[in-house]
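These are the residues of each chain, in order.
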Amino acid sequence: MNHPDIDAAAMKTRLLTLRETLLDESADSAGARDTVTLDQTSVGRLSRMDALQGQAMAKAEEERRQLNVTRIAGALQRLEQGGFGECIECGEWINVKRLESDPLVLKCIDCAE
């Protein structure tokens, strides 16, 4: 049984929307993760370093996005199986406000500490 104070249909819609947003952002930022050209004749040393740093930041952001997409898939699976909102450690219900703030949380506040 899902959390009794959560509207499962609304939460599913919210999670699907969040997943689509993340996937769209991922597609939009693909160019920022491309290999940086190391041709000194076309780009100066500092510009290349700046481009490498930008690429590293874009890759890190993509890793965070993919982690959240995976977490969303888990939340959707818990919704389908009826375990959404239940702490994975103690089995108690996660506070509704905590779930509304971050629907991807897996633990109640006591177990998360």
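Residues numbered from 1 in each chain as written. Predicted model: local features only at pLDDT ≥ 70, side-chain atom pairs only at ≥ 80, totals over all residues. Heavy atoms only, no water.

Enquirer: Whenever I open this one, the environment of Leu22 confuses me. Can you help?
Expert: By secondary structure assignment, the location of Leu22 is in helix H1 (residues 8–28). Residue classification places Leu22 among the buried residues on the basis of a relative accessible area of 10%. It is 9.2 Å that separates the C-alpha atoms of Leu22 and Glu62, two residues lying 40 residues apart in sequence. Not counting the four nearest positions on each side in its chain, Leu22 is found in contact with Arg65, Asn68, Val69 and Ile72. (Helix = DSSP H or I, 4+ residues; strand = E, 2+ residues; numbered from the N terminus. Buried < 20%, exposed > 50% of the residue type's maximum accessible area, 1.4 Å probe, protein only. Contact = heavy atoms within 4.5 Å.)

Enquirer: Quick question: what am I supposed to make of the pattern of salt bridges here?
Expert: Oppositely charged side chains are able to pair whenever their charged atoms sit close together. Taken as a whole, this structure holds 6 salt bridges when the rule is applied. A salt bridge links Arg65 to Glu62; the shortest N-O distance between them is 3.1 Å. With Arg65 and Glu62 both in helix H2 (residues 45–81) and 3 residues apart, this pair spans about one turn of that helix. Accessibility classification places Arg65 together with Glu62 in one group, the buried group. Glu89 is paired through a salt bridge with Lys107; the nearest N and O atoms lie 2.8 Å apart. Separated by 18 residues along the polypeptide, Glu89 in the loop between H2 and helix H3 (96–101) and Lys107 in the loop between H3 and helix H4 (109–112) bring together distant segments of the chain. Taking relative accessible area as the criterion, Glu89 reaches 52% and is therefore assigned exposed. When salt bridges with common partners are traced through the structure, they connect Glu61, Glu62, Arg64 and Arg65 into a single cluster. (Salt bridge = Lys/Arg side-chain N within 4 Å of Asp/Glu carboxyl O.)

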